Amino acid sequence: MRYLSTRGQAPPRDFEGVLLAGLAEDGGLFVPEAWPELSAGEWRALRGLPYAELAARLIHRFTGNTLSLEALRAMAEGAYGGFGHPAVAPLVQLDHRRFVLELFHGPTLAFKDMALQLLGRLFDQVLERRGERITIVGATSGDTGSAAIEACRDRAAVDIVILHPLGRTSEVQRRQMTTVLSPNVRNIAIEGDFDTCQDLVKAMFNDAPFRAEMRLAAVNSINWARIAAQIPYYAAAALALGAPDRPVAFSVPTGNFGNVLAAWAVRRMGLPVARLIVGSNRNDILARFLAANDMSARPVEPSLSPSMDIQVSSNFERLLFELLGRDGAATAAAMRRFRAEGRMPVPDAAWREATALFRGFTLDDEGTLAEIRRLWERAGYLADPHTAIGTAAARALAPEDPAIPVVAAATAHPAKFPEAVERATGRRPPLPPRLADLYEREERFEVLPPDLGRIETAVRSHARRNRAA
Ligand SMILES: *Cc1c(COP(=O)(O)O)cnc(C)c1O
């Protein structure tokens, strides 16, 4: 299995190369040269498997010979064995045709764990074989940092340093990062805001000698392996509801378009997905695109669903490449115009093709609180604000055929956003038992001023100590 860049100018790579590179050299995103397709019989044969086994078999279709099925099976069992639910990604029924697919039973209570728990193990496996180490650096305003730390903790070939803005994350978010005391994990609180942290990380990547010395890497959402690891839960849900012999629809609260792209991929691989509903908060660029071919960025506004406060959905480039008939030059030109002018020209035919499958849905904060309240009152279900946008979208835009079930992705545990849930329902969702002692655990982090030299020194000493060990 080889991978091409969406911008057509980078050399093809295998799965291992794509995993380690992240972004292609021409600035594009990697996509499979040919999508694996399964026959209806092959899909039926996957029904009823334990989640880790299903994940290993499907991801193996994307790795080619770089990883054996046995190795993937062991990694998937390690990744998903510690989840808080034996089904890993359980389906919960809300009404006669709507379900939620709970993707938040991982260590940090958000759907990022579904991919990152596997990604950490993939890095380890590939790097150990090559006798290499990497240093992951990242900036976080809250959630992605903890998911990355949980993915990398105790990995033999990976060091990780996460910068967060001092005093500007919630206490749960900070503690999910700073109570991980593994020797390969270091947390630095920066005296500044999130943008300062992000600028410092960019500056480290732009410091070429430092970047090479530390083998700096990122675990951002454009890495193909993250998409591959998100495909199995859509397949599991569809198979459980009768696919390939019965179509399903998915509703996905969307930010960077990674999660919904994985739902698109199971359709491309042969499962009958009748509709994909893209949920947005007031940052509604995708809804405007789907309604009126208006892909124009506006300033990001804060909302109750912060993980969707995004105006440029980086993974959309992968869909665009497909909509443009896999024309790398045309994709590169559209992305250049988007960057330069803040508006992406999408040809009418490509837009029409997108709207045949995708629907866009927007919900403001007030509507989000109303939906959380409604779910609680009607179904006794506590949903976080991201999930609520998905369930509201599933109700508003279900396919006309009532025999098609609609599955909404539940992307965060309600205890991750307790203020909003309490405001809507009067109930404060408790942390699950395995995290109940989070507030008593020992924390470890250091505080540094936004000084690139001092932060590089801290990263270097952290990586060097572990290299010597
Ligand atoms: C990251 C995230 C999203 C958005 O997912 P994308 O793949 O970026 O579209 C939605 N909800 C939660 C809780 C998240 O953490």
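In what follows, the accompanying structure is described. Please read all numbers here as calculations on a predicted model, not as lab measurements. (Residues numbered from 1 in each chain as written. Predicted model: local features only at pLDDT ≥ 70, side-chain atom pairs only at ≥ 80, totals over all residues. Heavy atoms only, no water.)

Structural notes on the overall build of the protein
- Looking only at helices and strands, one finds 19 helices and 15 strands in the protein.
- In terms of overall dimensions, the protein is globule-like: its C-alpha atoms have a radius of gyration of 21 Å, near the 23 Å expected for 469 residues.
- C-alpha atoms of the protein, sized along the principal axes, occupy 60 × 55 × 50 Å.
- Expressed as a percentage of the 469 residues in the protein, the buried residues total 59%.
- In the protein, the share of contacts with a sequence separation of at least 24, taken over all contacts with a separation of at least 6, comes to 75%.
- Per element, the accessible surface of the protein, about 18100 Å² overall, is 50% carbon and sulfur. (Helix = DSSP H or I, 4+ residues; strand = E, 2+ residues; numbered from the N terminus. Rg over C-alpha atoms; globule rule 2.2 N^0.38 Å. Buried < 20%, exposed > 50% of the residue type's maximum accessible area, 1.4 Å probe, protein only. Contact = heavy atoms within 4.5 Å. Areas by Shrake-Rupley, 256 points an atom, 1.4 Å probe, with all protein chains shown as cover.)

Examining the sheet that holds strand S15 (residues 446-448)
- As summarised here, the arrangement of the five strands in space is S8-S5-S6-S7-S15, forming an open sheet in which the pairing is parallel. Each end of this open sheet is capped by a strand with a single partner; those strands are strand S8 (216-217) and S15.
- For strand S5 (residues 134-139) and strand S6 (residues 158-165), the ladder comprises six bridges, and the chain directions are parallel. Note on S6: the bridge partner recorded for Gly 138 is Ile 162.
- With respect to the sheet, helix H6 (residues 143-152) is in contact with S5, S6 and strand S7 (185-190), its orientation differing from that of S6 by roughly 165 degrees. (Pairing = 2+ DSSP bridges. Axes fitted to C-alpha atoms, helices over the stretch in contact; angles between N-to-C directions.)

Focus on the packing of helix H5 (residues 112-130) against helix H10 (residues 224-240)
- Put simply, H5 and H10 touch, their axes get as near as 8 Å, and they point 125 degrees apart. Between H5 and H10, the crossing angle belongs to the class labelled oblique. In this structure, the crossing between H5 and H10 has a hand that is right-handed. Together, Lys 112, Met 114, Ala 115, Leu 116, Leu 118, Leu 119 and Leu 122 of H5 and Ala 225, Arg 226, Ala 229, Gln 230 and Tyr 233 of H10 make up the contact between the two elements. (Parallel < 35°, antiparallel > 145°, perpendicular 65-115°, else oblique. Left-handed = near helix turned anticlockwise from the far one by under 90°.)

Considering the packing of aromatic side chains
- Tallied over the entire structure, the rule returns 13 aromatic pairs.
- Judged by centre distance (5.7 Å) and plane angle (45 degrees), the rings of Tyr 3 and Trp 224 are tilted. You can see Tyr 3 sitting in strand S1 (residues 3-5) and its partner Trp 224 sitting in helix H10, a full 221 residues away along the chain.
- Taking the relative accessible area as the measure of exposure, Tyr 3 reaches 0% and is therefore buried. (Phe/Tyr/Trp six-rings, centres within 6.5 Å; stacked < 30°, edge-to-face > 60°.)

Observations concerning empty space enclosed by the protein
- Across all of its chains, the model carries four cavities of 30 Å³ or more by this definition.
- The calculated volume of the largest cavity comes to roughly 70 Å³.
- Along the walls of the largest cavity sit Ile 285, Leu 286, Met 295, Gln 311, Val 312, Ser 313, Ser 314, Phe 316, Glu 317, Met 335, Phe 338 and Met 344, which together make up its complete lining.
- Elements supplying a minimum of two residues to the lining of the largest cavity: helix H12 (285-292), helix H13 (316-323) and helix H14 (328-341).
- A volume near 40 Å³ is recorded for the second largest cavity.
- Class assignment for the residues of the lining of the second largest cavity results in four nonpolar, five polar and no charged. (1 Å grid on protein atoms, 1.4 Å probe; cavity = no way out; pocket = protein on both sides within 12 Å on 5 of 7 lines; lining within 4 Å. Points joined across faces, edges and corners; volume = space filled by probe spheres on them. Nonpolar A, V, L, I, M, F, W, Y, C, P; charged D, E, K, R; others polar.)

Examining the site of the ligand
- Around the ligand sit 14 residues, and of these Lys 112, Gly 255, Asn 256, Asn 259 and Thr 411 come closest.
- Within the contact set of the ligand, an oxygen atom lies 2.7 Å away from a backbone nitrogen or oxygen of Gly 255.
- Relative to its unbound accessible surface of 380 Å², the ligand loses 96% to contact with the protein.
- Of the residues in the shell around the ligand, the class split is five nonpolar, eight polar and one charged. (Near = heavy atom within 4 Å. Polar contact = N/O pair within 3.5 Å; in protein donor to acceptor, adjacent residues only side chain to side chain.)

Overview of unusual backbone geometry
- In the segment running from Ala 243 into Pro 244, the intervening peptide bond is cis, with an omega of 5 degrees.
- For Asn 293, which is not glycine, the phi torsion reads 55 degrees and is therefore positive.
- Considering the arrangement of structural elements, one finds Asn 293 in the loop between H12 and strand S11 (295-296).
- According to the relative accessible area criterion, Asn 293 is buried, its value standing at 13%.
- Phi is positive for Arg 326, which is not a glycine, with a value near 60 degrees.

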